[in-house]
Amino acid sequence: QVQLVESGGGLVQPGGSLRLSCAASGSFLAIYSMGWYRQGLGKQRELVATMTSGGRTNYADSVPGRFTISTDNAKNTVYLQMNSLKPEDTAVYYCYAYAALGTLSVPRDYWGQGTQVTVSS
């Protein structure tokens, strides 16, 4: 299994910054992609940003230039630097990993428990 533990959420004023971290642990063969999704109150979960093990990134249309995803493959950790935060960024942010447990296993999605980000004055 793959366990994902997020940290770094909290309350921040509009225009402020936060940095989220997510570390993957457990027994697995490889992580092919890691990233972040978010779910606002009463909304569906949506993509924020992902990065493949090869470094290819994918961002939601609402965040380029404000959010930056990075990974430390040696530590199986993904980061999300969030700048110029807006009230509409308020959501629970979920860490995501696409990983395989072994050579004969099919890669699948894994999710963290989520960390709350609140942008409010």
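To start, this report covers the structure provided alongside it. (Residues numbered from 1 in each chain as written. Predicted model: local features only at pLDDT ≥ 70, side-chain atom pairs only at ≥ 80, totals over all residues. Heavy atoms only, no water.)

**Description of the overall build of the chain**
Counted only if it meets this: Put simply, DSSP H or I for four residues or longer makes a helix, DSSP E for two residues or longer makes a strand, and each gets a number counted from the N terminus. Radius of gyration: over C-alpha atoms. The globule rule applied is 2.2 Å multiplied by the number of residues raised to the 0.38 power. Only protein chains enter the accessibility calculation, which uses a 1.4 Å probe; a residue is then buried when its area is under 20% of its type maximum, exposed when over 50%, and partly exposed in between. Using the Shrake-Rupley algorithm and a 1.4 Å probe, accessible areas are obtained, with residue cover drawn only from the displayed protein chains.
On a plain count of helices and strands, the chain comes out with 0 helices and 11 strands. Taking 2.2 N^0.38 as the reference for a compact globule, 121 residues should give roughly 14 Å; the C-alpha atoms of the chain span a radius of gyration of 14 Å, in line with that estimate. Put simply, the chain has 121 residues, and 39% of those count as buried. Counting only carbon and sulfur atoms, one obtains 48% of the accessible surface of the chain, whose full area is about 6500 Å².

**Some remarks on the packing of aromatic side chains**
Stated formally: The rule is short: rings of Phe, Tyr and Trp, with Trp giving its six-membered ring, pair when the centres are within 6.5 Å, and they are stacked under 30 degrees, edge-to-face over 60, tilted in between.
In this structure the tally under the stated criterion is 4 aromatic pairs. With a centroid separation of 5.1 Å and 75 degrees between ring planes, the pair formed by Tyr37 and Trp111 is classed as edge-to-face. Of this pair, Tyr37 sits in strand S4 (residues 30-39) while Trp111 sits in strand S10 (residues 108-111), and the two are 74 residues apart along the sequence. On the basis of relative accessible area, Trp111 is assigned to the partly exposed category, the value being 34%.

**Some thoughts on the nonpolar core**
Stated precisely, the cut-off is as follows: Take the buried Ala, Val, Leu, Ile, Met, Phe, Trp, Tyr and Cys residues and link them wherever side-chain atoms come within 4.5 Å; each set so joined is a nonpolar core. Contacts are assigned to residue pairs that have any heavy atoms within 4.5 Å of one another.
Leu4, Met34, Trp36, Leu80, Met82 and Tyr93 are the most contacted members of the largest nonpolar core, which has 30 residues in total. For this core, the secondary-structure elements that each account for two or more residues are strand S1 (2-7), strand S3 (18-26), S4, strand S5 (46-52), strand S7 (67-72), strand S8 (77-82), strand S9 (91-100) and strand S11 (115-119). The element contributing the most residues to this core is S9, with 5 residues. Ignoring any residue separated from it by four or fewer positions in sequence, one finds Met82 in contact with Gly16, Ser17, Leu18, Leu20, Arg66, Phe67, Tyr93 and Val117.

**Side note on the pairing of S5**
Selection criterion: Note on pairing: two strands pair once DSSP finds at least 2 bridges between them.
The pairing of S4 with S5 spans 6 bridges and is antiparallel. What sits directly across from Gly35, in S5, is Thr50. Bridge count for S5 against strand S6 (residues 57-59) is 3 bridges, and the pairing is antiparallel. Each bridged residue has a counterpart across the sheet, and for Ala49 the counterpart in S6 is Tyr59. Here S5 folds back onto S6, and the loop between the two strands holds 4 residues, one of which, Gly55, carries a positive phi near 100 degrees.

**Points about the sheet that holds S8**
To be explicit about the condition: Each axis is a line fitted through C-alpha atoms, taken for helices only over the stretch in contact, and angles between the N-to-C directions span 0 to 180 degrees.
Taking strand neighbours across the sheet as the criterion, the 4 strands line up as S1-S3-S8-S7 in an open arrangement whose pairing is antiparallel. At either margin of the open sheet sits one strand with a lone partner, and together these are S1 and S7. Ignoring which end each strand starts from, the neighbouring axes of this sheet average 15 degrees apart. Here S3 runs beside S8; their pairing, made up of 6 bridges, is antiparallel. Pairing of Ala23 across the sheet is with Thr77, part of S8.

**Quick word on the pairing of S9**
The element S9 is largely enclosed, with a buried count of 8 among its 10 residues. Relative to S9, S4 runs antiparallel, the two being bridged by 9 bridges. Pairing of Arg38 across the sheet is with Tyr93, part of S9. Across 3 bridges, S9 lies against S11 in antiparallel orientation. Bridging across to S11, Tyr93 finds its partner in Thr115. The pairing of S9 with S10 spans 4 bridges and is classified as antiparallel. Counted as the bridge partner of Tyr98 is Asp109 from S10.

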